[in-house]
Amino acid sequence: MLEDKRTKVKITFFVILVGISCMFTAVVTDYWAVLSPRVEKLNTTCEAAHFGLWRLCKKSIFIVEKATKEKGCGPISLPGDYNCSYFKHFTPGQEAEVFEVKTQKEYNISAAAIAIFSLAFMILGTLCILASFGKGRDYLLKPAGMFYAFAGLCTIISVEVMRQSVKRMIDSDETIWIEYYYSWSFACACAAFVLLFLSGIGLLLISMPQMPRNPWETCMDAEPDPIE
């Protein structure tokens, strides 16, 4: 691998590592969305919730006063009693609270499965890009770029599935949640999509054959025709 090309690959790989870190953070944390019910009066306890791909955490918050006109419970940073439980479809042998919407299980399984596919593509891409630093293995940059681009696409699909999941919960009459906002785990997943997808495309461009600087270079490099 040429030194100039190696430098570009190293810079791109650093960006990819940042994207991988963001995705791992999003997968293992529970702050994709924060939900809250309507609070009609002060000096009462309300139950806010935040959740991720694997579990739901509910927090009982005692509301004393509201600095704003918002009717929701929270913010989630206020002190209160936590109660976290993994989704029942991931822990079938345990008693666990799940969302009240029947189809919520399908959304969460889909989002989690797609996120795992994203992690698998990231691992394959990392193996390819590390192997490409070996002598005569530049061809591995193309599959590495494709793997990272696929990882980015899987990430944004997982984000969209979770967004639809939250929307369905808020719109359902079977839940107490009326307000929501996306939190920092959701932002990490979105950042991972941007970094991984663009870096994957960048690797594909780097792996392409270098174009001549001007048309005369092609003519000068060509072998002369034999004289008859």
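Refer to the preceding data block for the structure.
Residues numbered from 1 in each chain as written. Predicted model: local features only at pLDDT ≥ 70, side-chain atom pairs only at ≥ 80, totals over all residues. Heavy atoms only, no water.

## Here's the deal with the packing of aromatic side chains
Where we set the bar: Geometry of aromatic contacts follows a simple scheme: Phe, Tyr and Trp rings, the Trp one being its six-membered ring, pair when their centres are within 6.5 Å, and the pair is stacked under 30 degrees between planes, edge-to-face over 60, tilted otherwise. Working definition: helices are DSSP H or I runs of at least four residues, strands are E runs of at least two. Numbering for both runs from the N terminus. Using a 1.4 Å probe on the protein chains alone, a residue whose accessible area is under 20% of its type maximum counts as buried, one over 50% counts as exposed, and one in between counts as partly exposed.
In this structure the tally under the stated criterion is seven aromatic pairs. For the pair Trp32 and Phe186, a centre-to-centre distance of 6.3 Å together with 80° between the ring planes defines the contact as edge-to-face. Of this pair, Trp32 sits in the loop between helix H1 (3–28) and strand S1 (33–36) while Phe186 sits in helix H4 (residues 184–207), placing them 154 residues apart in sequence. Accessibility assignment for this pair places Trp32 and Phe186 in one class, buried. Look at Phe193 and Phe197: their rings are 5.9 Å apart centre to centre, the planes differ by 25°, and that puts the pair in the stacked class. With Phe193 and Phe197 both in helix H4, this residue pair falls four residues apart, about one helical turn. Through a chain of ring-to-ring contacts, the aromatic side chains of Trp32, Tyr180, Tyr182 and Phe186 assemble into a single cluster.

## Focus on H1
Rule in force here: A helix's residues, less one, multiplied by 1.5 Å, set its expected span.
The end-to-end C-alpha distance of H1, which contains 26 residues, comes to 37 Å, matching closely the 38 Å that a straight helix rising 1.5 Å per residue would cover. For H1, every residue scored as buried is listed here: Lys5, Val9, Thr12, Phe13, Ile16, Gly19, Ile20, Cys22, Met23, Ala26 and Val27.

## Here's the deal with the nonpolar core
The following threshold applies: Throughout, nonpolar core names a set of buried Ala, Val, Leu, Ile, Met, Phe, Trp, Tyr and Cys residues whose side chains join them through atoms within 4.5 Å. Only heavy atoms matter for contacts: two residues are in contact if any of them lie within 4.5 Å across the pair.
Counting residues in each nonpolar core, the largest one holds 41 residues, and the members touching the most others are Ile16, Trp32, Leu53, Ile129, Tyr148, Leu196 and Leu203. Sorting elements by how many residues they give to this core places helix H3 (residues 141–171) first, with eleven residues. With residues near it in sequence (within four places) discarded, Leu203 still touches Val9, Thr12, Ile16, Ile129, Leu141, Ala144, Gly145 and Tyr148.

## A closer look at the packing of H1 against H4
The cut-off we apply is this: Between N-to-C directions, angles cover 0 to 180 degrees, with each direction set by a line fitted to C-alpha atoms, over the stretch in contact for helices. Oblique is the label for every angle not falling under 35 degrees (roughly parallel), over 145 degrees (roughly antiparallel), or within 65 to 115 degrees (roughly perpendicular). It is the rotation of the near helix from the far one that decides the hand of a crossing: anticlockwise by less than a right angle makes it left-handed, clockwise makes it right-handed. When residue character is reported, Ala, Val, Leu, Ile, Met, Phe, Trp, Tyr, Cys and Pro are called nonpolar, Asp, Glu, Lys and Arg charged, and the others, Gly included, polar.
It is the contact of H1 with H4, at a shortest axis distance of 7 Å, that shows an interaxial angle of 155°. The pairing of H1 with H4 is recorded here as roughly antiparallel in orientation. Between H1 and H4 lies a crossing of left-handed hand. Its residues placed into classes, the contact of H1 with H4 shows 17 nonpolar, six polar and two charged.

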